[in-house]
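# Observations on chain architecture
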Amino acid sequence: MTVSLPILGDVEHALTDVIGNFPNAFPPRRTPVPSPMDDQGRKEIYGFFTDTTLCIGCKACEVACKQWNQLPSDGLKFTGNSFDNTGHVGATTWRHVAFKEKIAQGTHPDSVGQRVHHTAGTPSTDGASDGHTVSTSRWLMMSDVCKHCESAPCQHSCPTGAIIYNKFGDVYVQNDICNGCGYCVVACPFGVIGRADNEQDDGHAHKCTLCADRQEEGMTPACAKACPTASIQFGKIDELRYTARQREEELHGRGNKDAYLYGCDSVGDYGPLNAFFLLEDHPNEYNLPVAPPQPFRGQKKRYAAGVLMGLALTAASALLFGGINRGGGSNGRRH
Amino acid sequence: MAEDTESGGINFDGGAPWAKDLQKKQDPDRVRQLQIPPGMFEPKPLREIAPPDPATRTAAYVPAKGEAAAYDPNLPRKHERHGDEPSYYDISILKRPLWGWEIAAYFFLGGLSAGSYLIGRAADRFGSGPTRDLAKFGSLAALAAILPCPPLLIHDLGDPKRFHHMLRVWKPTSPMNLGTWVITAYSGHVTADVARFFLNQYGDRLGIDERHKIRRMMNNGKLLLIHDAGGAPLTLLLASYTGMLLSATSNPLWSKNPWLSPLFTASAFSTGAETLSLILDCLPATQRPKYGSTQKALVRLDTLCHAAELACLSGFNHHAGEKAAALHTGEQALNHRISQAGLLGSELLKLVPATGDLARRRRMVSSLLGLAGGFLMRWSFVYGGHSAATDPHTARLASTPAPAKPALPPKLKRGLLMAIGFPLLALEKIGAAQRSVPSAGTAKGR
């Protein structure tokens, strides 16, 4: 039964609004999600395997991602860096195709370590040289994406619990409770997650969701679906790792000894990544970190160091103030 | 046929009943959108382009500021400065931090608040006489410093609701979440302290005398002990968690540096001591003399904190190595140098002999210098993170495994072994000789 007071109409309205919305201040606990750490959860984890040897740089993944996730444009700009005008993965670019031109002519000292690049078994020799040097010019292309770490620093750092591991093992940002503090942005050693600052979105963190909405329907993520050369493969992570190792062996058998897997096994402080890559050059050439640090390791020790310093200085001040009494000159109490 | 032409060549008579209504209705917005503004298709006059001046055509291209590395072929490109280091067009791996002046100011104020509160409580517990008044000044300064902190953080987040979102979970793995809980609890804690002092001083005028339930409860010794026992860890966390927050990131300057948290704690204490010293110096002249020895203790404590700060800073630089370049070169180098100069200047001023009012003024300038140094230290660390993350070289360094420390040269190693070993051997021989003497004596005695 509600008693309405005509004079206090607005006040009553405000009060009922507050009281009515009071339960919303304490939202119910979200349904528990399987941890990627336990064996039962691990079986169901899905991820990406990006084979850069197959990438043709068509940017279909970038376009498909933007379309499906309705991401705003990044503006028209020319970076002058090969065909890459996007630059980096970020809040509004969840797939980014990197283009790296590696021009090496004959016996130029800057040529890429004088490496022999076999294409389909036959080395392409440089006509002008003495026959020992070979053309080493290459065009590296890679579709970069969130790595969906099993122990993700963005998830660790998130102060609101907005970043979670969802039931597919993806690292997922819940935008309704993200408060845009920007801690995940500095926590990520891959520089993936970004904060949107555009008209539609006032400062929330965004990154690849691994198309969780499509996965719900049993569909492949948009980028993997759009990839015309199967450079981006999506599937259960264990199966992907198996095929990736097979692919690496196949390439080695063909003579491409430079091919290696990045993130299939542990990288830096991290365990195997859920989005991993087959690369042909130094990770930094693709803007990937060599040994990404896990900033939350040794956290307790660092807390302890600070608190101990505080304790020491408190003790010092206690001694100093206690010493005043002993030194005399004040009319304080004496024990 | 005439009907057909009216309805666009389609006969609606036998069709759906809604189709004709649709024809009659006109969307006002649509019409407005389709209106062509006058002069839209009129040709615009061509921009006049001045013919190239032959004198300037052959002149060297002068690039704009910051453009030199990209366009001057004679200058080395940015990524070539570090040799043949592999990189992706010199784009940084990491994202630029999004924290600005609000966070720097918050780090300073939060530290100052924690420092002055703890020093005040220590004075209350361990001091005597007028020294115990520091508790009152400390709590007041702590409350004054912590009050602007939530608005600063909310300004950074952009919405008060967003501050609340951090309080809907308890997630101590995130230093920011822990810090939010700590400042929330701490503000209440300090407010209780200030309320106690206020009631003790002005309670009688408000009709709340000493026998009142509230005042008896507030001044209850056991409750005060519990209050302090709970408040001390809270305050220590507030002083130290800001450095910890920065060190739990992948930013090259801050990442995993164990010295950052002690550095910020030491700075918190030094700024707290300086604030209290300033408050004592600003008191009316009649009240000042009784705090003479308290001032001396505060100045000594400040010196101790500054020493700890410098030790932590050198430890920080040693641990970070080349990754700390953002503090020594670039945008924040000046701020960082000024902060260190402020710290050293405040210490040097303390050595200048002065008496009477001159000593007070000297001490005040020294405190202000120290406070400015503390603030600029936070500022240079927060904004230094921006330069460190945008510099592709340091960004790569953050994720490059540190090279193994060079082993000691064999000669030095042998020398050290000998330097330690020979005295030990000598001691051993002396000991053996001494042991043999009484045994020989006993043997003789037998």
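All names here are of chain A. Mapped onto the elements of the fold, K66 is located in helix α3 (residues 60-68). For K66, a relative accessible area of 18% puts it in the buried group. A polar side-chain atom of K66 sits 2.9 Å from the main-chain carbonyl oxygen of T92. Sequence-distant contacts of K66, defined by excluding residues within four places in its chain, comprise L71, P72, S73, D74, T92 and T93.

Residues and elements named next belong to chain B. It is the contact of helix α10 (residues 175-202) with helix α12 (residues 221-247), at a shortest axis distance of 9 Å, that shows an interaxial angle of 140°. On the basis of their axis angle, the class for α10 and α12 is oblique. Crossing angle aside, the handedness with which α10 passes α12 is left-handed. In this structure, α10 contributes P175, M176, L178, G179, V182, I183, A185, Y186, H189, A192, D193 and R196 to the contact, and α12 contributes L224, H227, G230, G231, L234, T235, L237, L238, Y241, M244 and L245. Looking at the contact of α10 with α12 residue by residue, the classes come out as 15 nonpolar, six polar and two charged.

The next subject is the sheet that holds strand β1 (residues 46-51) of chain A. Residues and elements named next belong to chain A. Strand order in the open sheet formed by four strands is β10-β1-β12-β11, and the pairing between neighbours is mixed. The open sheet has two edge strands, β10 (232-236) and β11 (260-262), and neither has a second partner. Within the sheet, the average angular offset between the axes of one strand and its neighbour, ignoring direction, is 25°. Pairing of β1 with strand β12 (residues 275-279), which is carried by four bridges, proceeds in the parallel orientation. Note that in β12 the partner of T50 across the bridge is F277. Set on the sheet, helix α8 (residues 237-254) makes contact with β1, β10, β11 and β12; between it and β10 the angle comes to about 135°.

In this section: the interface of chain B and chain A. The interface is formed by 78 residues belonging to chain B together with 84 residues belonging to chain A. In total, about 6,300 Å² of surface goes out of reach between chain B and chain A, with carbon and sulfur atoms giving 62% of it. In terms of surface lost to chain A, no three residues of chain B exceed Y88, Y89 and K95 of chain B, which account for 13% of the buried area on that side. On the surface where chain B and chain A come into contact, there are one salt bridge. The shortest N-O distance in the salt bridge between D269 of chain A and K256 of chain B comes to 2.7 Å. At the surface where chain B touches chain A, the tally comes to 30 residue pairs in polar contact (both at pLDDT 80 or more).

We now examine the packing of helix α14 (residues 292-320) of chain B against helix α17 (residues 356-390) of chain B. Residue and element names in this part refer to chain B. At a closest axis distance of 12 Å, the pairing of α14 and α17 adopts a crossing angle of 25°. Taken as axis vectors, α14 and α17 run roughly parallel relative to one another. Two packed elements cross with a definite hand, and for α14 against α17 that hand is left-handed. Taking contact as the criterion, the partners of Q295, V299, E309, L313 and F316 in α14 are, on α17, R363, M377 and F381. For the contact of α14 with α17, the class distribution of residues is five nonpolar, one polar and two charged.

All names here are of chain B. Its location among the elements puts A185 in helix α10. For A185, a relative accessible area of 39% puts it in the partly exposed group. With 50 residues separating them in the primary sequence, A185 and T235 have C-alpha atoms 9.7 Å apart.

We now examine unusual backbone geometry. Phi is positive for Q70 of chain A, which is not a glycine, with a value near 50°. Looking at where Q70 of chain A falls in the secondary structure, it is placed in the loop between α3 and β2 (96-102). Its identity is not glycine, yet D90 of chain B carries a phi of approximately 55°, on the positive side. Secondary-structure assignment places D90 of chain B in the loop between α5 (68-71) and α6 (101-126). The class of D90 of chain B is buried, set by a relative accessible area of 15%.

Applying the stated rule across the entire model yields 27 salt bridges over all chains. With its nearest N and O atoms 3.7 Å apart, the salt bridge here joins R247 of chain A to E250 of chain A. Within this pair, R247 of chain A and its partner E250 of chain A are both found in helix α8, separated by three residues, close to a single helical turn. Look at E250 of chain A and you get partly exposed, because its relative accessible area is 38%. Here R211 of chain B makes a salt bridge to D209 of chain B, at a shortest N to O gap of 3.1 Å. What you see here is one network of salt bridges that share partners, running through R121, D124, R125, R132, D193, R196 and D228 of chain B.

Residue and element names in this part refer to chain B. Of all residues in chain B, 77% attain a pLDDT of 70 or more, and the chain-wide mean is 82. Here α5 is the element of chain B with the lowest mean pLDDT, 41, and helix α13 (residues 260-281) is the one with the highest, 96. When the criterion is pLDDT under 50, residues 1-10 qualifies, and its contacts beyond four places in sequence or with other chains add up to seven contacts. The ipTM value of the predicted complex is 0.80, and its pTM value is 0.77.

Rules used throughout
Residues numbered from 1 in each chain as written. Chains lettered and ligands numbered in written order. Predicted model: local features only at pLDDT ≥ 70, side-chain atom pairs only at ≥ 80, totals over all residues. Heavy atoms only, no water. Helix = DSSP H or I, 4+ residues; strand = E, 2+ residues; numbered from the N terminus. Buried < 20%, exposed > 50% of the residue type's maximum accessible area, 1.4 Å probe, protein only. Polar contact = N/O pair within 3.5 Å; in protein donor to acceptor, adjacent residues only side chain to side chain. Contact = heavy atoms within 4.5 Å. Axes fitted to C-alpha atoms, helices over the stretch in contact; angles between N-to-C directions. Parallel < 35°, antiparallel > 145°, perpendicular 65-115°, else oblique. Left-handed = near helix turned anticlockwise from the far one by under 90°. Nonpolar A, V, L, I, M, F, W, Y, C, P; charged D, E, K, R; others polar. Pairing = 2+ DSSP bridges. Buried area = accessible area lost by both parts, 1.4 Å probe. Salt bridge = Lys/Arg side-chain N within 4 Å of Asp/Glu carboxyl O. pLDDT = per-residue confidence, 0-100.

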